[in-house]
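Examination of the molecular architecture
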Amino acid sequence: MAGAAGPGTGPGAAGGDGDDSLYPIAVLIDELRNEDVQLRLNSIKKLSTIALALGVERTRTELLPFLTDTIYDEDEVLLALAEQLGNFTGLVGGPDFAHCLLPPLESLATVEETVVRDKAVESLRQISQEHTPVALEAHFVPLVKRLASGDWFTSRTSACGLFSVCYPRASNAVKAEIRQHFRSLCSDDTPMVRRAAASKLGEFAKVLELDSVKSEIVPLFTNLASDEQDSVRLLAVEACVSIAQLLSQDDLEVLVMPTLRQAAEDKSWRVRYMVADKFSELQKAVGPKITLNDLIPAFQNLLKDCEAEVRAAAAHKVKELCENLPIEGRETIIMNQVLPYIKELVSDTNQHVKSALASVIMGLSTILGKENTIEHLLPLFLAQLKDECPEVRLNIISNLDCVNEVIGIRQLSQSLLPAIVELAEDAKWRVRLAIIEYMPLLAGQLGVEFFDEKLNSLCMAWLVDHVYAIREAATNNLMKLVQKFGTEWAQNTIVPKVLVMADDPNYLHRMTTLFCINALSEACGQEITTKQMLPIVLKMAGDQVANVRFNVAKSLQKIGPILDNDALQVEVKPVLQKLGQDQDMDVKYFAQEAISAVAQRLRKLDFPVKGSEEPSAPGADKNHFLRPRGPGEDTGKGPAHQLHVNTRDTLAQLGTAELVHFSRSRD
Amino acid sequence: MSSSSPPPAGAASAAISASEKVDGFTRKSVRKALRQKRSQGSSQFRSQGSQAELHPLPQLKDATSNEQQELFCQKLQQCCILFDFMDSVSDLKSKEIKRATLNELVEYVSTNRGVIVESAYSDIVKMISANIFRTLPPSDNPDFDPEEDEPTLEASWPHIQLVYEFFLRFLESPDFQPSIAKRYIDQKFVQQLLELFDSEDPRERDFLKTVLHRIYGKFLGLRAFIRKQINNIFLRFIYETEHFNGVAELLEILGSIINGFALPLKAEHKQFLMKVLIPMHTAKGLALFHAQLAYCVVQFLEKDTTLTEPVIRGLLKFWPKTCSQKEVMFLGEIEEILDVIEPTQFKKIEEPLFKQISKCVSSSHFQVAERALYFWNNEYILSLIEENIDKILPIMFGSLYKISKEHWNQTIVALVYNVLKTLMEMNGKLFDDLTSSYKAERQRYLMILMTF
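Residues numbered from 1 in each chain as written. Chains lettered and ligands numbered in written order. Predicted model: local features only at pLDDT ≥ 70, side-chain atom pairs only at ≥ 80, totals over all residues. Heavy atoms only, no water.

**What about the environment of Leu81(A)?**
All names here are of chain A. With respect to the helices and strands, the residue Leu-81 is situated in helix 6 (residues 75-85). Under the relative-accessibility criterion, Leu-81 is labelled buried at 2%. On a C-alpha basis, the gap between Leu-81 and Ala-120 in space is 8.6 Å, while along the polypeptide they are 39 residues apart. (Helix = DSSP H or I, 4+ residues; strand = E, 2+ residues; numbered from the N terminus. Buried < 20%, exposed > 50% of the residue type's maximum accessible area, 1.4 Å probe, protein only.)

Dropping the structure here:
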């Protein structure tokens with residue numbers, strides 16, 4: 001496009017009135033041809049701006065032909081272009097001119113790179129809707145036909161996604177042609193094309209007339225479902241869901257079910273997996289009668305399939321399958337035809353199967369009711385709570401709420417406890433983390449008494465875990481427990497234990513006290529905070545470790561809003577002022593931060609903020625970057641946050657942190 | 001097919017030794033192997049009712065020649081029965097009988113003449129199909145990384161190995177007649193065989209490679225089909241799944257197939273080169289099959305030199321942007337191509353190519369820089385550079401001069417000095433001009449900076 005991109009496209013040429021504001025546009029146009037990919041990419045991303053400046057006429061006659069010619073660019077640029085063109089209808093002059101966008105998109109729909117092609121197809125689909133019916137037949141349908149009969153597989157693959165958008169609005173003669181093209185793609189000799197066709201079969205079926213579905217789609221479906229490649233067959237399973245929704249029960253039985261039965265017993269596990277994975281959709285699509293006659297037996301087979309992948313996929317669907325059964329007779333069917341197979345899976349050899357089952361099995365209790373749950377499901381739950389794989393136990397525990405509603409948690413509590421204790425001490429910190437997160441829920445269901453007796457000590461033990469993430473989670477857990485059990489409980493059971501840690505020889509534990517106070521103060525309220533927590537925090541301001549001292553400053557800032565003005569004025573202010581004179585840069589910094597926050601609160605002028613030693617000052621000292629920080633600091637704030645961000649699992653950190661720190665704090 | 005019989009597969013089996021260590025660190029697989037026990041998998045066996053127990057048949061060598069043929073077929077049929085190897089204690093006796101029988105069959109077809117008669121073909125192929133054709137099991141490790149992880153081995157290998165062994169002896173037997181076998185070894189058979197190349201077990205892929213190679217050699221009618229199917233497997237690998245275990249093996253076979261292509265090359269073959277082999281360079285696991293891939297590419301160029309320009313432009317298009325390990329492989333391939341390039345072709349691509357090489361020599365990753373600088377140890381490349389020094393020196397000069405002053409790695413600096421010396425000897429005048437204009441340029445920048 002010599003005119004638009006060349007030197008002629010100065011400000012005057014682009015806008016016609018010599019407006020300097022069009023200069024950036026000229027630059028963008030020029031950069032469409034720059035050697036640097038990044039510049040071309042930036043320019044393409046602003047293509048709509050360029051088009052807007054050029055006006056609809058020149059966009060059509062100059063910009064689009066130019067773009068059509070540059071299709072040999074980097075895939076990244078092409079992807080951006082394909083995306084842009086989907087929203088271009090307005091910029092070329094509205095629906096009457098939408099067809100101008102087809103040539104570049106057609107080229108993009110034939111490139112090798114899948115993401116580019118998919119994006120081009122997506123844009124074409126979008127634009128097809130903006131075509132007038134006449135333009136659709138004059139321009140869009142011929143494009144689809146060209147793509148469908150292209151030499152290289154990429155264009156045929158792309159064509160598959162375009163049939164369903166133009167079919168509904170085409171005339172009958174054209175419709176017949178479109179169907180014909182789709183048929184031939186379904187038996188293309190390139191598996192890539194057959195896969196594309198199979199994946200669009202369901203979508204295409206939905207826009208066809210019922211007669212055509214029966215006479216044309218069903219045979220295509222049957223063929224694809226018995227393709228020699230399993231990658232094609234499995235896509236037919238997906239199509240099955242859509243097709244089944246369109247047919248009557250009688251037609252289904254005759255036209256679809258033989259194929260579906262065959263798929264459920266396919267020799268390739270991938271196809272069987274797909275059946276298992278789509279089971280709920282299939283169940284809804286074929287309706288209750290066929291479900292009982294066909295799908296339940298198929299499901300039983302999938303649950304005892306020889307491949308663990310298939311069993312796990314089926315196990316995942318157990319609850320949905322049961323839920324979707326017709327209420328009448330549901331219980332009997334589950335008890336007789338599903339439960340026996342589930343019982344087998346509880347002791348499966350593969351842990352993924354067991355954990356898939358554990359993630360849904362609790363849901364059965366609401367469906368089966370109290371008595372059945374106690375008699376039949378409870379033994380399974382108990383067995384799974386003792387499973388060797390932590391994930392299985394965790395999945396059971398995390399779904400306790402379903403059972404709680406039906407039989408109450410007491411039934412389980414005796415078995416629950418050893419399972420929880422074991423998970424709480426698991427060697428993997430992620431497992432410990434997961435169980436902590438269920439503690440508030442468990443506490444709510446087990447009640448305060450049981451909790452105090454059995455679980456409280458666990459919760460406190462986590463506070464001194466050697467992994468920071470666990471200590472952090474334990475802190476949050478305490479807050480949630482206080483919200484649940486109330487302040488009185490907090491005052492009697494939690495707070496004393498937390499405060500004792502303030503004298504711990506390990507500075508990380510001392511800091512945990514501060515973190516707990518940060519978390520608990522709000523839930524505990526003014527009185528406990530002022531009377532019990534504040535003195536401890538203030539006392540810790542004299543700690544020999546700087547990390548503790550600046551956390552004191554942060555804690556004071558944090559609990560400030562809860563305290564009354566007296567406490568702030570009389571107790572907090574002097575301590576902060578003292579910390580503000582600390583010899584450690586960071587302590588000073590956070591003390592200043594706290595002072596200004598508190599000062600704002602008090603709105604008193606005699607609480608000065610030192611403007612000269614503002615935040616940036618400590619950062620100048622490069623040594624700060626060498627020192628590990630107490631974890632849990634806000635990462636965005638303050639200077640020395642780099643080190644702890646990535647060091648969460650930290651037995652090692654604990655050691656080095658202390659070493660490095662003490663040598664520094666002496667100076 | 002117009003091509004002559006291919007040379008034996010294995011011509012391209014150059015080992016990839018560079019991939020054994022990463023930056024001097026032991027690979028994860030080595031560390032993992034310490035905790036991981038060897039895993040085995042098989043989906044061959046699907047429990048279907050009770051298992052037939054095998055009863056030993058008389059030895060073939062003890063039978064009279066009249067009975068032998070009958071007994072041979074009985075034994076073949078007996079070997080169609082499959083056993084569950086995931087269960088290591090079941091059917092021990094029957095498994096042993098089958099193993100012994102398979103051994104006997106291997107021995108029988110390889111030492112006796114005239115035993116592969118027309119009537120046996122059907123039973124032979126049926127036995128082979130029954131044993132080896134199966135849907136491969138899902139990988140034990142869903143994130144299986146062929147570069148890092150130990151493969152899952154086929155559990156039923158004790159039997160399958162013998163079946164492959166038998167298959168090979170059968171194909172290689174002097175009595176073997178493709179004209180009869182083609183009734184049984186047809187497109188569908190080959191299709192299933194190709195799917196097995198995805199096996200995680202390297203032992204199986206090795207057998208498959210030899211088997212497919214023999215089939216390609218002996219069944220002229222299947223050649224086009226085999227090539228097309230390999231084409232499809234590769235396209236799926238590149239654009240859909242990025243996963244196929246047997247890429248290296250298939251490429252190795254292709255290497256020998258390409259070698260046999262008749263000239264002029266058909267459009268189909270050129271398309272395969274440009275639309276399949278070149279895009280394959282983008283694959284994540286390139287290291288696993290790069291040696292074989294580069295071999296195929298070079299084979300093409302040796303056949304038809306006019307393909308050099310599009311191939312090099314293709315490689316430049318897909319040049320790795322972030323993966324240094326791959327960049328080193330690309331440089332290796334470029335050197336292999338330059339080794340066989342014609343001077344006229346060289347002129348066509350020297351500019352874009354040396355722009356890329358110039359970027360590589362100044363890579364801060366010393367292995368990349370080093371690999372690129374090694375080009376100057378290659379006599380033929382040196383002669384090409386010398387012939388075109390007027391074009392190449394201006395492209396290279398800036399980078400070379402800069403890294404000679406700035407590169408962190410001393411080996412690289414030393415190499416660069418040698419290269420600069422060589423270039424200076426090729427055209428001292430041009431070298432001096434470039435040096436002074438480079439210095440003038442720098443001076444100008446310094447001035448700008450100072451007055452800023």
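What follows picks up the thread again.
**Let's talk about the pattern of salt bridges**
Side chains that differ in charge, positive against negative, can pair when their charged atoms come close. Residue and element names in this part refer to chain A. The full count for this structure, using the stated rule, is 51 salt bridges over all chains. Put simply, Asp-227 and Arg-194 hold a salt bridge, and the shortest N to O gap is 2.5 Å. Residue Asp-227 is located in the loop between helix 14 (210-225) and helix 15 (230-246), and its partner Arg-194 is located in helix 13 (residues 191-207); the two are separated by 33 residues in the primary sequence. Neither Asp-227 nor Arg-194 differs from the other in exposure class; each is buried. (Salt bridge = Lys/Arg side-chain N within 4 Å of Asp/Glu carboxyl O.)

**With respect to the domain arrangement of chain B**
All names here are of chain B. Splitting chain B by domain gives domain 1 (55-136 + 153-184) and domain 2 (185-300). One C-alpha centre belongs to domain 1, the other to domain 2; they are set 28 Å apart. The partner domain 2 presents 21 residues to the 24 residues of domain 1 that form the contact. Taking both sides of the interface into account, the surface hidden between domain 1 and domain 2 amounts to around 2,100 Å²; carbon and sulfur atoms contribute 74%. Sorting the residues of domain 1 by area buried against domain 2 places Phe-133, Trp-157 and Tyr-164 first, and these three jointly supply 30% of that buried surface. The tally of links from domain 1 across to domain 2 stands at 2 salt bridges. As a salt-bridge pair, Glu-204 and Arg-134 come within 2.8 Å of each other at their nearest N and O atoms. The tally of links from domain 1 across to domain 2 stands at 7 residue pairs in polar contact (both at pLDDT 80 or more). Counting only elements with at least two residues in the side of domain 1 that touches domain 2, the list comes to helix 4 (118-132), strand 4 (153-154), helix 5 (157-172) and helix 6 (178-181). (Domains from an automatic or database assignment. Contact = heavy atoms within 4.5 Å. Buried area = accessible area lost by both parts, 1.4 Å probe. Polar contact = N/O pair within 3.5 Å; in protein donor to acceptor, adjacent residues only side chain to side chain.)

**Notes on the nonpolar core**
Considering soluble globular proteins, one finds that nonpolar side chains tend to be buried as a cluster. Ile215(B) and Phe234(B) are the most contacted members of the largest nonpolar core, which totals 368 residues. Among the elements that line this core, the one with the most residues is helix 18 (residues 279-303) of chain A, at 11 residues. Residues lining this core come from more than one domain, with at least three contributed by each of domain 1 (55-136 + 153-184) and domain 2 (185-300) of chain B. Not counting the four nearest positions on each side in its chain, Phe234(B) is found in contact with Val247(B), Leu250(B), Leu251(B), Leu254(B), Phe272(B), Val276(B) and Met280(B). Among the nonpolar cores identified, the runner-up in size contains 5 residues, and Leu54(B), Phe83(B), Phe85(B) and Ile97(B) belong to it. (Core = buried A, V, L, I, M, F, W, Y, C linked by side-chain atoms within 4.5 Å.)

**Focus: the confidence of the model for chain B**
Residues and elements named next belong to chain B. With 88% of its residues at a pLDDT of 70 or more, chain B shows a mean pLDDT of 84. The low-confidence segment residues 1-38 (pLDDT under 50) makes 52 contacts with residues lying over four places distant or belonging to another chain. In the predicted complex, the global pTM is 0.75; the interface-specific ipTM is 0.78. (pLDDT = per-residue confidence, 0-100.)

**Considering the packing of helix 22 (residues 351-361) of chain A against helix 23 (residues 364-385) of chain A**
Residues and elements named next belong to chain A. One can describe the packing of helix 22 onto helix 23 by two numbers: an axis separation of 12 Å at closest approach and a directional angle of 145°. Like other packed secondary-structure pairs, helix 22 and helix 23 cross with a definite hand, here left-handed. Note on element contacts: helix 23 touches helix 22 through Leu-364, Ser-365, Leu-380, Phe-381 and Gln-384, opposite Lys-354, Leu-357, Ala-358, Val-360 and Ile-361. Residue classes in the contact of helix 22 with helix 23 are distributed as 7 nonpolar, 2 polar and 1 charged. (Axes fitted to C-alpha atoms, helices over the stretch in contact; angles between N-to-C directions. Left-handed = near helix turned anticlockwise from the far one by under 90°. Nonpolar A, V, L, I, M, F, W, Y, C, P; charged D, E, K, R; others polar.)

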